[in-house]
Amino acid sequence: MPAAGQPLRNAMTIDVEDYFQVSAFAPYIDRAQWDGLECRVERNLERILALLDRHGVKATFFTLGWIAERYPQAVRRIVDAGHELASHGHGHQRASELDPAQFRADVTRAKALLEDLSGRPVLGYRAPSFSIGPANWWAFDVLGETGHRYSSSVYPIRHDHYGMPDSPRFAYEVKPGLIEVPVTTLRLRGRNLPSSGGGYFRLLPYALSRWMIRRVNEQDGQSAVFYFHPWEIDAEQPRVPGIDAKSRFRHYVNLRHTLGRIDRLLGDFRWGRMDEIFLPPSGAAQAATTGAAAAALPRLGAALSHEGRL
Ligand SMILES: [Zn+2]
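Residues numbered from 1 in each chain as written. Predicted model: local features only at pLDDT ≥ 70, side-chain atom pairs only at ≥ 80, totals over all residues. Heavy atoms only, no water.

Q: Explain helix H8 (residues 245-252) here, please?
A: Residues lying three or four places apart along an α-helix face the same way, a consequence of the helix completing one turn every 3.6 residues. Of all the positions in H8, only Ser 247, His 251 and Tyr 252 are classed as buried. The buried residues of H8 all sit within an arc of 105 degrees when viewed along its axis, so they share a single face. Of the residues one or two after H8, Asn 254 is the one with positive phi, at around 55 degrees. (Buried < 20%, exposed > 50% of the residue type's maximum accessible area, 1.4 Å probe, protein only. Helix = DSSP H or I, 4+ residues; strand = E, 2+ residues; numbered from the N terminus. Arc of directions from axis to C-beta.)

Q: What is the right way to look at helix H7 (residues 206-220) in this model?
A: In this model, H7 (15 residues) spans 21 Å end to end at C-alpha, consistent with the 21 Å of a helix rising 1.5 Å per residue. Along H7, the residues classified as buried are Tyr 206, Ser 209, Arg 210, Met 212, Ile 213, Val 216 and Asn 217. Buried positions in H7, seen along its axis, are confined to an arc of 160 degrees and lie on one side of it. Turned more than 90 degrees off the buried face of H7, the exposed positions are Glu 218 and Gln 219. Taken together, the buried residues of H7 touch strand S1 (9-16), strand S8 (185-188), strand S9 (191-194), helix H6 (198-203), strand S10 (225-228) and helix H9 (255-268). Positive backbone phi, approximately 65 degrees, marks Gly 221, located one or two places after H7. (Expected span 1.5 Å × (residues − 1). Contact = heavy atoms within 4.5 Å.)

Q: Is there a simple way to think about the nonpolar core in this case?
A: Burial of nonpolar side chains together is a common tendency in soluble globular proteins. Counting residues in hydrophobic clusters, the biggest one holds 50 residues, and the most contacted among them are Met 12, Ile 14, Leu 52, Phe 61 and Leu 265. Contributing elements (two or more residues each) for this core: S1, helix H1 (41-55), helix H2 (65-70), helix H3 (72-80), helix H4 (100-118), H7, S10 and H9. At 6 residues, the largest contribution of residues to this core is made by H1. The residues contacting Met 12, other than those within four sequence positions of it, are Leu 52, Ala 59, Thr 60, Phe 226, Phe 228, Leu 265, Leu 266, Trp 271 and Gly 272. If you look at the next biggest cluster of nonpolar residues, it comprises 18 residues, including Tyr 155, Val 225, Met 274 and Leu 279. (Core = buried A, V, L, I, M, F, W, Y, C linked by side-chain atoms within 4.5 Å.)

Q: How should the coordination of the zinc ion be read in this particular structure?
A: Each angle at a metal carrying four tetrahedral donors should ideally be 109.5 degrees, and each at a metal carrying six octahedral donors should ideally be 90 or 180 degrees. Only Glu 17 (OE), His 88 (NE2) and His 92 (NE2) from the protein reach the zinc ion as donors, at distances of 1.9 to 2.1 Å. Mapped onto the polypeptide sequence, the residues donating to the zinc ion form the spacing pattern E-x70-H-x3-H. Taken together, the residues Glu 17 in the loop between S1 and H1 and His 92 in the loop between strand S3 (84-87) and H4 connect sequence positions 75 residues apart. For the residue pair Glu 17 and His 92, the accessibility class agrees, reading buried in each case. (Donors = N, O, S within 2.8 Å, 3.2 Å for Na, K, Ca; no water.)

Q: It is not clear to me how the packing of aromatic side chains should be interpreted in this structure. Could you clarify?
A: Two numbers describe a pair of aromatic rings. These are the distance of the centres and the angle of the planes. For the structure on display, the rule yields 16 aromatic pairs. On the numbers, 6.1 Å between centres and 80 degrees between planes, the contact of Phe 20 with Trp 66 is edge-to-face. Placement of Phe 20 in the loop between S1 and H1 and of Trp 66 in helix H2 is noted, with a sequence separation of 46 residues between them. Phe 20 sits in the buried class, given a relative accessible area of 1%. (Phe/Tyr/Trp six-rings, centres within 6.5 Å; stacked < 30°, edge-to-face > 60°.)

So, to be careful, I would describe these as geometric facts and stop short of saying anything about function.
Here it is as structure tokens:
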């Protein structure tokens, strides 16, 4: 709960991966080629860290193990600046394309790497392409068993690559000790509209994005979760040849405006880290989700019926 008169704090999140690792490019770039491609994530991260620093904002960085392995210095810079280091898995394979054993191996490897580098527990996980849904709900068991406390992996929208439009729009307990915190949507005329990052943020006019986040804060009374990628602020990134028109448009639209818009966003709202906004304070609730913050969260069934779509 915000102090009286204080606007809600929203969560600023960054999915740390490079331009050639996005799922839409997977049919065009074999992962065996990754090591031979020009990597730009480090310099883009520097620009993001400088921008956050200018605004005095602490954020959450869902970082790929693959990146952490190659750029340990960049990961340490994130942690040293006071941001939360969380996991985006290791190899950026969609959770929906892995079996439980492969998924466990992927998230365990990433978590161990990130914890070794940072010297701190990694509590959060975001699946590549929001790839947890009804068909692989077992992934939450694996996340809980491997020591994660929250996930941000289910996108309650309809989309050709991902989405679970009937799932709750706000944080809910998926199982004891583990909460799901979806990226933010705006409910309008019976539909959930993506309103917090990714290609939509680049496509829509800034004022519309700002209006949507404001509505969520003021009408739903909830913190928003915003996300972007380091490659989205990099208009000079190498163009991947031969890709289909839809993926090309989604990936490259308005790249040169993103940094300026995020600058405005950071000034127009209050921001913080996922763990600080959504998890009970450490020590107060080591017994999993019995703490004040989690106690206030609906469980999955209740959250679904609250949304009126069970
Ligand atoms: Zn990703």
